[in-house]
Amino acid sequence: LLENLEEKHLQEKVVVLVEREHERSGHPETRLLNDLAVSVLMRKISSTLLGTSGKEIKITGALGIYVFDTSKDAVEFAQEFRKELSRQNIRSRIGIDKGPILLFELKEGGFDIAGMPVNIASKMSQDKGQWGHLYITRPVAEEVDTVGFVPFAIEASGVQIEAFEG
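Given the structure is predicted, the values throughout are model-derived calculations rather than measurements.

Draft legend 1. Summary view of the nonpolar core. Ranked by size, the top nonpolar core spans 26 residues in total, and within it V16, Y66, I96 and I136 carry the most contacts. Within the residue set of this core, elements represented by two or more residues are strand 1 (10-20), helix 2 (28-50), strand 3 (63-68), helix 3 (71-87), strand 4 (92-105), strand 6 (134-137) and helix 5 (138-141). A per-element tally of this core places helix 3 first, with 6 residues. Within the second largest apolar cluster, 10 residues are counted, among which are I65, V67, I101 and A121.

Set out below in C-alpha cells:
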C-alpha cells in the first residue's frame, strides 16, 4: 500500500512558497474582502506567469504554493510574481526549495502538498525572511544564476539551512 502511494503521489519538484502581506488594520469585514481580492489577484498573476512550466497547488489566506520541474523556471516565476505584487503595492516574501514532495489531488477539486521542500521554503521566508525578499536553498542556487543573491545560513526547527537571499 505504501509503495502504491509513493508511486502515485511522490514527485521530485521545485516548490515556490509565496507569502503576501495582508492587511491588519481597519474593519474586519473590509480586511476579509481585501484579502479575498488579493487572493484573486494572486490567482490571476500566477495564471499569467505559470504557462506550461509550473502548477498552482493552492492559494489559501496569504499563501500561494506552486511547483516546477526546474529551478530556473521556479526562480524566474518567483521574481516576476514578486514584481507584479509590488506593482500593486503588495509586499511579499518568497521561499524556494527542491526535493521529494507528496502531491495529492483532493476529492473536492484542487491539490494539497506535503514534504520537506514546503517546510524549508516556509522556514526561510515566513519564519526568517524579510518582506520584499526572495530566498533559495543551496540546491536551487546550484542550478540558477545567483547574481544579486547573498549567501546566509539559518537554523530552523533544528535543521541547518544554507540559503541565498535576493
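Draft legend 2. Spatial organisation of the pattern of salt bridges. The full count for this structure, using the stated rule, is 12 salt bridges. Taking the shortest distance from any N to any O, the salt bridge between R93 and E19 comes out at 2.7 Å. One end of the pair, R93, is in strand 4; the other, E19, is in strand 1, and 74 residues separate them in sequence. As a salt-bridge pair, K58 and D112 come within 2.8 Å of each other at their nearest N and O atoms. Separated by 54 residues along the polypeptide, K58 in strand 2 (residues 54-60) and D112 in strand 5 (residues 111-114) bring together distant segments of the chain. Exposure remark for K58: the relative accessible area of 26% places this residue in the partly exposed category. By relative accessible area, which is 28% here, D112 ends up partly exposed.

Reading guide: rules and limits
- Residues numbered from 1 in each chain as written.
- Predicted model: local features only at pLDDT ≥ 70, side-chain atom pairs only at ≥ 80, totals over all residues.
- Heavy atoms only, no water.
- Core = buried A, V, L, I, M, F, W, Y, C linked by side-chain atoms within 4.5 Å.
- Buried < 20%, exposed > 50% of the residue type's maximum accessible area, 1.4 Å probe, protein only.
- Helix = DSSP H or I, 4+ residues; strand = E, 2+ residues; numbered from the N terminus.
- Salt bridge = Lys/Arg side-chain N within 4 Å of Asp/Glu carboxyl O.

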